[in-house]
Amino acid sequence: MSGNIFGKLFTVTTFGESHGVAIGAVIDGCPANVPILMEDFQKDLDRRSPTTCTNTNMKSVLSTTRKEKDECKILCGIYKGKTIGSPIAVIVENKDVDPSCYEKFSNFYRPGHADHTYENKFNTEMPTGGARASGRETIGRVIAGTVAKKLLEKNAKDKGVFPITIKTRLKEIAGLHIDDPCHSEKDLPLDISEKIKKIKMQGDSVGCVLECIIENPPCNLGEPVFSKLDATLSQAVMSIGGVKGIEFGSGFACSSLLGSEQNDITKDFNAGIFGGISDGNSVHFSVAVKPVPSIKKKQRAVKKDGSIGIISIEGRHDVCLFPRIIPVIEAMCYITLADFTLLQMRCDASRNCID
């Protein structure tokens, strides 16, 4: 299976399956002497973990009941709180594994899942829990995102500039627009939370739209013509399971604008990227996330013998990928920006040599 490596200079390889021994990542290309502690990894992993309660101390409406602490272990590449320039390997062991809940629909291709395509492509039975197509694969991305973020922070400190920061908010959930800033489940308006509760009781799930803003990006990030910043960010974010669409700036709405409107310098419709290169202004994009496909509600599904049957997917599944997908999206942004930063540093060094 190829396609498990992302990046050119700052490269990330994720590994592991949902119900396997462990999930993790190998990060290569990170320079030495980047400060990073176990707590840095854990802080980001905790953001990805299931929400245990809301601001009213009630049980989470959106998150899975699978109880994984997601405690990480640094295997190599970091010594006395700093990177040493060699590959960094970090793992998270799977503790709360329960493959038994998948036995009852082992003869089905679950609707909305990758069961059939994986089995057909690799000519092997799909492991329980979705294996590499599972949401737990994103643990490796978050681990790598932590390294990328710390690298960018050190680079900014060395240059005496503000570090890159990323903020992500919920714009829409279950088809309902969110007006006020919403970054976590506890920020959900009560009426929307109650609607999602009813959907959950019906055994169904919901999708969402998220807005991501990258602040303080350096100028000149992006490599025309096939490695533009927005093109590579799109690849990075679209590679996350459940993401079905991405748009920068005015996005699809630009098709209905006049040229004079799209070019309005007070609107930032171009999202801080021109010709695939950052201009130093904030980069912003929106992401469409589909409903979680594992639902209890009965639905038609194709059996492995080709017939049609009825399936109800019981188990421990999220109702919506918000808010747990937020740190994953931000991690992929940090990884992309770290890679482009190293590419630009190489370009600058080469140009200085010529000058």
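Note: the structure precedes this text.
Residues numbered from 1 in each chain as written. Predicted model: local features only at pLDDT ≥ 70, side-chain atom pairs only at ≥ 80, totals over all residues. Heavy atoms only, no water.

Trainee: Lay out helix α1 (residues 38-48) with the relevant residues and their values.
Mentor: Turn by turn, an α-helix covers 3.6 residues, leaving residues three or four places apart pointing in a common direction. Of the positions making up α1, those classed as buried are Phe41, Gln42, Asp44, Leu45 and Arg48. Seen end-on, α1 carries its buried residues on one side only, within an arc spanning 170 degrees. Summarising the geometry of α1, the exposed residues directed more than 90 degrees from the buried face are Glu39 and Lys43. (Buried < 20%, exposed > 50% of the residue type's maximum accessible area, 1.4 Å probe, protein only. Helix = DSSP H or I, 4+ residues; strand = E, 2+ residues; numbered from the N terminus. Arc of directions from axis to C-beta.)

Trainee: Requested: an account of the packing of α1 against helix α3 (residues 138-159), with residues and values cited.
Mentor: A pair of packed helices is captured by two measures, namely the crossing angle of their axes and the spacing between those axes. Remark: α1 packs on α3, axes separated minimally by 9 Å, with the N-to-C direction vectors making an angle of 135 degrees. With respect to each other, α1 and α3 are oriented oblique. Here the hand of the crossing between α1 and α3 comes out right-handed. Counted together, Asp40, Phe41, Asp44, Leu45 and Arg48 of α1 and Thr138, Ile139, Val142, Ile143, Thr146, Val147, Lys149 and Lys150 of α3 form the full contact between these two elements. Looking at the contact of α1 with α3 residue by residue, the classes come out as 6 nonpolar, 2 polar and 5 charged. (Axes fitted to C-alpha atoms, helices over the stretch in contact; angles between N-to-C directions. Parallel < 35°, antiparallel > 145°, perpendicular 65-115°, else oblique. Left-handed = near helix turned anticlockwise from the far one by under 90°. Contact = heavy atoms within 4.5 Å. Nonpolar A, V, L, I, M, F, W, Y, C, P; charged D, E, K, R; others polar.)

Trainee: Before we move on, can you summarise the nonpolar core with the specific residues and values?
Mentor: The biggest cluster of nonpolar side chains holds 72 residues, and the ones touching the most others in it are Phe10, Ile173, Phe285 and Phe322. Element by element, the count of residues in this core is highest for helix α7 (residues 326-354), at 12 residues. Setting aside its immediate chain neighbours within four residues, Phe10 contacts Ile27, Asp28, Cys30, Ala144, Val147, Ala148, Leu151, Ile335, Ala338, Asp339 and Leu342. The next biggest cluster of nonpolar side chains, apart from the first, holds 7 residues, and it includes Cys101, Phe105, Phe108 and Ala301. (Core = buried A, V, L, I, M, F, W, Y, C linked by side-chain atoms within 4.5 Å.)

Trainee: Just give me the short version of the pairing of strand β16 (residues 299-303), but keep the residues and values in it.
Mentor: With 2 bridges connecting them, strand β8 (residues 108-109) and β16 associate as antiparallel partners. Residue Tyr109 lies in a different strand from β16, and its bridge partner there is Val302. Here β16 pairs with strand β17 (residues 308-311) via 4 bridges, running antiparallel. Bridge pairing links Gln299 to Ile311 in β17. (Pairing = 2+ DSSP bridges.)

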